[in-house]
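Topology and contacts: notes
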Amino acid sequence: MKCLLIGELAPGQPSMEPCKNAAMVEDFRTLRSTVEQMDLLNPNKLFFFCVLLHILLLDVLGWLNLYYFGPSLIPFLITSLILGTLQAQAGWLQHDFGHLSVFSKSKWNHLVHHFVIGQLKGAPASWWNHLHFQHHAKPNCFRKDPDINMHPLFFALGKKLSVELGIKKKKYMPYNHQHKYFFLIGPPALLPLYFQWYIFYFAVQRKKWVDLAWMISFYVRFAYCYFPLIGIGGTISMFMLVRFIESNWFVWVTQMNHIPMHIDYDQNKEWLSGQLQATCNVDQSLFNDWFSGHLNFQIEHHLFPTMPRHNYWKVAPLVRSLCKKYGIEYQSKPLFTAFADIVHSLKESGELWLDAYLHK
C-alpha cells in the first residue's frame, strides 16, 4: 500500500479520528495482538485439504450415481442434490482462499482460488474479490456495501432507509409485500437468473480472460461428464436445478447474518462497533459449521477476515468479553431463528415504508 502513503504523523498527533472511542480502538488492537500470539491466524492445511477432498468426492459420487443407476428421475434428482451440495460447499471453500486464509503466501491463495471458484464453480475470482472486499470494509452501509444494492430497486432495507424511501414517495416495488415476494425473487432466483449471466458479462466487460478460461473449463468438464449420460437437454435441466439448489442455500446462509441487522448510511464507526452492528452469529454445532462453511461465526469472520475458519470458535469468547466491556450487543441465535429473522426484518421495514409513504 505504499502508493497510498502521503506522510507520517508527528509524535504528538492522535493516531485516530477524535469521533472514535480511543479506548475501544486500543483494546481491539490488543485483541488483534493476542490473536496473533495465539497463532489463530495460522491455518491447519489438513483441514482445508479434507474440505477440498470431500467436495471432489461429492463430484465423483454425483457422476457415479447416474452412471450406474441410469438417467431415470430418482437418480437424476439425487445427483442434482449431490451437485447442489458440492456447489454450496465449494462456495464456502473459495471464500477461504479469497480471504487469503489458507496459505501463508498470497499467490498460492490466489492460484487455488482460481481453481475452486473457476473450475469447480464456473465463476470469476476477480468478480468475487471486487464485490466481497467492499462488503467487508463497510458491511450494511448503503452505497458502500454492494451486498445491499437491492435497496431500493427490489427491497426496502433497514428501518431508517425504508422510512426515508417512504417520505420521498418512492415505490419501485410493493415493499409492504416484500417478505412474500422474497421467496420468489430472492433465494430461488439470484444465481440461476442473475449471477449466471452477469458473471460472464463481468469477465468480458473487464477483460478478465484468465477468469473466463477457468470458467469455460468448468462448463466443458460438466458437459463432457453428463452429455453422454443424460443428453444435452437433460444436462441443461440438471445444471439449472443444481443452480437452483445452490442459490437457495447461498442466499439463506449469507443473508441470515446481515439483513436483520442495522442497515444505514456509513456512520464512520470504530471497526469493532461498526462490524457488530451489521453482523450476527448463528449458534455453533457440527451441522451449522458444515452447512454454513463456518459463516455461523460471522462476527469473528468480519473482525478477523484472514483468520482460518477452524479457529473462529477459539477467539469467540474473547470477542464476547470485549463486546460486553463496551456494551456492544453480541447476537447469536439458532439457525432457523436466523432464517426467520430475514423474513421478519423484511416485513418490518416494508411496513415502515408503507406508513411513511401514506402518512408522512
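Computed from a predicted structure; not experimentally measured. (Residues numbered from 1 in each chain as written. Predicted model: local features only at pLDDT ≥ 70, side-chain atom pairs only at ≥ 80, totals over all residues. Heavy atoms only, no water.)

**Regarding the packing of aromatic side chains**
All chains considered together, the criterion is met by 38 aromatic pairs. Relative to Tyr265, the ring of Phe142 has its centre 5.6 Å away and its plane inclined at 65°; by these criteria the two rings are edge-to-face. Separated by 123 residues along the polypeptide, Phe142 in the loop between helix H5 (125-137) and helix H6 (159-167) and Tyr265 in the loop between helix H9 (209-255) and helix H10 (271-277) bring together distant segments of the chain. Their ring planes at 55° and their centres at 6.4 Å tell us that Tyr198 and Phe202 sit as a pair that is tilted. With Tyr198 and Phe202 both in helix H8 (residues 190-205) and 4 residues apart, the pair spans about one turn of that helix. Among the residues examined, Tyr198 registers a relative accessible area of 22% and is labelled partly exposed. Linked through ring pairs, Trp127, Tyr194, Phe195, Trp197, Tyr198, Tyr201 and Phe202 together constitute an aromatic cluster. For Lys169, the ring lying beneath its charged end belongs to Tyr357, and the centroid distance is 5.8 Å. (Phe/Tyr/Trp six-rings, centres within 6.5 Å; stacked < 30°, edge-to-face > 60°. Helix = DSSP H or I, 4+ residues; strand = E, 2+ residues; numbered from the N terminus. Buried < 20%, exposed > 50% of the residue type's maximum accessible area, 1.4 Å probe, protein only. Lys NZ or Arg CZ within 6 Å of the ring centre and 35° of its normal.)

**What to know about a nonpolar patch on the surface**
Together, Val60, Leu64, Tyr67, Tyr68 and Phe69 make up a nonpolar patch on the protein surface, roughly 570 Å² of accessible area in all. Relative to the helices and strands, Tyr68 resides in helix H2 (residues 45-69). Under the relative-accessibility criterion, Tyr68 is labelled exposed at 62%. (Patch = residues over 30% accessible without salt bridge, like charges linked within 9 Å, V, L, I, M, F, W, Y side chains within 5 Å. Areas by Shrake-Rupley, 256 points an atom, 1.4 Å probe, with all protein chains shown as cover. Salt bridge = Lys/Arg side-chain N within 4 Å of Asp/Glu carboxyl O.)

**Comments concerning helix H1 (residues 22-37)**
In this model H1 runs 23 Å from its N-terminal to its C-terminal C-alpha over 16 residues, within 8% of the 22 Å that 1.5 Å per residue would give. Within H1 the residues assigned to the buried category are Met24, Val25, Phe28, Leu31 and Val35. Summarising the axial view, the buried residues of H1 lie within an arc of 115°, below the 170-degree limit, and thus occupy one face. Elements in contact with the buried residues of H1: H10, helix H12 (298-303) and helix H13 (312-325). (Expected span 1.5 Å × (residues − 1). Arc of directions from axis to C-beta. Contact = heavy atoms within 4.5 Å.)

**Re the UniProt feature "domain: Fatty acid desaturase" (unreviewed entry) in the protein**
The UniProt record annotates "domain: Fatty acid desaturase" (unreviewed entry) at residues 74-332. The straight-line gap between the two end C-alpha atoms of residues 74-332 is 38 Å; of that span, 64% is helix and 1% is strand. (UniProt positions renumbered as here; feature names shortened; annotations may be inferred.)

**Topic: the environment of Tyr201**
Turning to its location among the elements, Tyr201 is positioned in helix H8. Residue classification places Tyr201 among the partly exposed residues on the basis of a relative accessible area of 46%. As a C-alpha pair, Tyr201 and Gly84 span 117 residues in sequence and 23 Å in three-dimensional space.

**Remarks on empty space enclosed by the protein**
Counting across every chain of the model gives 1 cavity of 30 Å³ or more. Estimated volume of the largest cavity: approximately 80 Å³. Asp59, Leu83, Leu86, Gln87, Phe218, Arg221, Phe222, Tyr226, Val242 and Arg243 are the residues that line the largest cavity. Counting residues per element, the ones that place at least two in the lining of the largest cavity are helix H3 (73-98) and H9. Broken down by element, the residue count for the lining of the largest cavity peaks at 6 residues, all from H9. Among the residues making up the lining of the largest cavity, the classes are represented as 6 nonpolar, 1 polar and 3 charged. (1 Å grid on protein atoms, 1.4 Å probe; cavity = no way out; pocket = protein on both sides within 12 Å on 5 of 7 lines; lining within 4 Å. Points joined across faces, edges and corners; volume = space filled by probe spheres on them. Nonpolar A, V, L, I, M, F, W, Y, C, P; charged D, E, K, R; others polar.)

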